[in-house]
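Take a look at the letters that make up each chain.
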Amino acid sequence: MITVNEALEALFALVTPLPTEEVPLAEAVDRVLASDVAARRDQPPFAASAMDGYALRDDEVALGARFEVIGEAAAGHGFDGVVGPGQAVRIFTGAPVPEEASRVIIQEDVTRSGTEITLNADLDPKPHIRPKGCDFKIGEVMGAPRVLRPADIALLASMNCATVPVTRRPVVALISTGDELVMPGETPGADQIIASNTFGLKALLEGHGAKARILPIARDTISSLETAFGLAAGADLVVTIGGASVGDHDLVGQVAGQMGMDRAFYKVAMRPGKPLMAGRMGGAAMVGLPGNPVSAMVCGQVFLAPMIRAMLGLGAHRSSRLTARLAAPLPPNGPREHYMRARRTPEGLVAEGRQDSSLLSVLAEADALLVRPVNDPARAAGETVEYLDF
Ligand code: AMP
Ligand code: MG
């Protein structure tokens, strides 16, 4: 058996970052910025008023000083002139501060009479001017790679970038295999169940930036599996679910091999999971996951999500781990890394009582995968443990 990290290294060797494409800014959220983008202008592009008030010369400010209001500056409509001694310009937030003015007195701090203002006592001491380029300057870069968040989109807009270079989304083809499976919404026969894994994995992988296609269910026959692999053409990653172990009806490896996959089969020292098939087939990476629903989802989180991130140019790293206090003691772990379904509570992490890898209802209650290292000793309540956000 190989370790989870060894399996992950073997999977990373099957993929490379995908090419770049240019997308409109309005469609760029959650995409991965593929190359550095430089600001096309200063922001603000001029010294701008931060308040509604009067722009004047700071060195003339004194208790009871009077000024003649000679004009107005509003957002989008600057004052076309110079503020001389004894003069002020009525100004509003976002307007360019007129030449020679060096301070904005907020309107609450003056008394106005006709075209004259008088400064009150206890003036707000701040100048209320945003210097040119104080947010960012022309040429400043947003660095790649980076998953674009809403705040990044706003910044890119402000930088006057109408389109952005992003890494193409990896296309994943998902194939359920098994005579017992029907699609959700269909009427199953007496000995059939509903295919759940492809749906869960599509949701999981799209959350990591992939575009997933659910292919028709492949039956446990060579011709049906050949058809399914044919339909997967064009994908960057082909994922089969089930049929991957050594039972009489487990034909995925055989068919993939006949179709040119240079196949590696791993027994991974993990729970749930264990059998994992991987290789390259045509232009795609191929991974065969175990069929048990919890195994498929945990392997999706532990193996497929990092592969997607690597294809997106975000580097070859395992899923990031968090730490938490353990709320209740745990027995020692055996020779396989165990991803226990667990819940976060105010007292700490609580492992679910039932850990069977067929129980999706338990997985849905869980919001953490508590990681037990190989041969981890018994743990007491209050100890710190690692988990994956799930
Ligand atoms: P297998 O790896 O094909 O032996 O499948 C192991 C278990 O997972 C069996 O109980 C299958 O019925 C079940 N299974 C396989 N594929 C799926 C799927 N796509 N959705 C739900 N259960 C599945
Ligand atoms: Mg099967």
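None of the values given here were measured: they were computed from a predicted structure.

On to helix α1 (residues 4–12). For an α-helix, 3.6 residues make a turn, and residues three or four places apart therefore share a direction. Of all the residues in α1, the buried ones are Val4, Ala7, Leu8, Leu11 and Phe12. Taken down its axis, α1 places every buried residue within 140 degrees of arc, on the same side. Close packing links the buried residues of α1 with β21 (270–271), β22 (275–281), β23 (284–289), α6 (293–311) and β25 (337–345).

Bringing the site of ligand 1 into the picture now. Close contacts around ligand 1 come from 13 residues, with Ser176, Glu180, Ser196, Gly243 and Gly291 the closest. Here a nitrogen atom of ligand 1 and a side-chain polar atom of Ser176 are 2.8 Å apart. Bound to the protein, ligand 1 loses 76% of the 490 Å² it would expose on its own. Residues that form the shell around ligand 1 fall into these classes: five nonpolar, seven polar and one charged.

The next subject is the sheet that holds strand β5 (residues 53–56). The strand order β8-β5-β7-β6-β10-β9 describes an open sheet built from six strands, whose pairing is mixed. Only two strands of the sheet have a single partner each, and these edge strands are β8 (103–106) and β9 (110–113). Pairs of neighbouring strands in the sheet enclose a mean axial angle of 40 degrees, with direction left out of account. As paired elements, β9 and strand β10 (residues 116–119) share four bridges and run antiparallel to each other. Each residue of the ladder has a partner; that of Ser113, found in β10, is Glu116.

Attention now moves to the environment of Val4. The topology assignment puts Val4 in helix α1. Sequence separation between Val4 and Ala269 is 265 residues; the distance between their C-alpha atoms is 6.5 Å. Residues within four places of Val4 in sequence aside, it is in contact with Val268, Ala269, Met270, Val302, Phe303, Glu337 and Tyr339.

Bringing the pattern of salt bridges into the picture now. The final tally for this structure, using the stated rule, is 16 salt bridges. Residue Arg168 is joined to Asp236 by a salt bridge in which the shortest nitrogen-to-oxygen separation is 3.0 Å. Here the residue Arg168 occupies a position in the loop between β14 (163–167) and β15 (171–176), and Asp236 occupies one in the loop between α4 (222–231) and β19 (237–241), the gap between them amounting to 68 residues. Residue Arg168 is classed as partly exposed on the basis of its relative accessible area of 26%. Assessed through its relative accessible area of 13%, Asp236 is described here as buried.

With respect to the helices, strands and loops of the structure, Ser49 is situated in strand β4 (residues 48–49). Accessibility expressed as a relative area gives 0% for Ser49, which makes it buried. Side-chain polar atoms of Ser49 contact the backbone oxygen of Met51, separated by 2.7 Å. What Ser49 contacts, discounting residues up to four positions off in sequence, is Ile91, Phe92, Thr93, Gly94, Ala95, Val97, Val104, His128 and Arg130.

Another point: unusual backbone geometry. Of note, the bond from Gln43 into Pro44 is cis; its omega dihedral lies within 30 degrees of zero at -10 degrees. Relative to the helices and strands, Pro44 resides in the loop between β3 (37–38) and β4. Note that the residue after Ala144, namely Pro145, is joined by a cis bond; omega there is -5 degrees. If you trace the backbone, Pro145 turns up in the loop between β12 (141–142) and β13 (146–147). Phi is positive for Asp122, which is not a glycine, with a value near 50 degrees.

A separate point is the pairing of β8. Side chains Arg103 and Ile105 of β8 all project onto a buried face; the interleaved residues Val104 and Ile106 project onto the opposite face, where all are buried too. Across four bridges, the pairing between β5 and β8 is antiparallel. In the sheet register, Gly53 faces β8, and the bridge partner there is Ile106.

Restricting attention to buried positions, one finds in helix α3 (residues 197–207) the residues Asn197, Thr198, Gly200, Leu201, Leu204 and Leu205. For α3, the arc enclosing every buried residue in end-on projection is 160 degrees, short of the 170-degree limit, so these residues lie on one face. Among the exposed residues of α3, those pointing more than 90 degrees away from its buried face are Ala203 and Gly207. Tucked inside the fold, the buried residues of α3 contact β15, β18 (211–214), β19, β23 and α6. Positioned one or two residues after α3, Gly209 has a phi angle of 105 degrees, which is positive.

Conventions and cut-offs
- Residues numbered from 1 in each chain as written.
- Chains lettered and ligands numbered in written order.
- Predicted model: local features only at pLDDT ≥ 70, side-chain atom pairs only at ≥ 80, totals over all residues.
- Heavy atoms only, no water.
- Buried < 20%, exposed > 50% of the residue type's maximum accessible area, 1.4 Å probe, protein only.
- Helix = DSSP H or I, 4+ residues; strand = E, 2+ residues; numbered from the N terminus.
- Arc of directions from axis to C-beta.
- Contact = heavy atoms within 4.5 Å.
- Near = heavy atom within 4 Å.
- Polar contact = N/O pair within 3.5 Å; in protein donor to acceptor, adjacent residues only side chain to side chain.
- Areas by Shrake-Rupley, 256 points an atom, 1.4 Å probe, with all protein chains shown as cover.
- Nonpolar A, V, L, I, M, F, W, Y, C, P; charged D, E, K, R; others polar.
- Pairing = 2+ DSSP bridges.
- Axes fitted to C-alpha atoms, helices over the stretch in contact; angles between N-to-C directions.
- Salt bridge = Lys/Arg side-chain N within 4 Å of Asp/Glu carboxyl O.

Without other data, these values stay purely geometric and don't point to any function.
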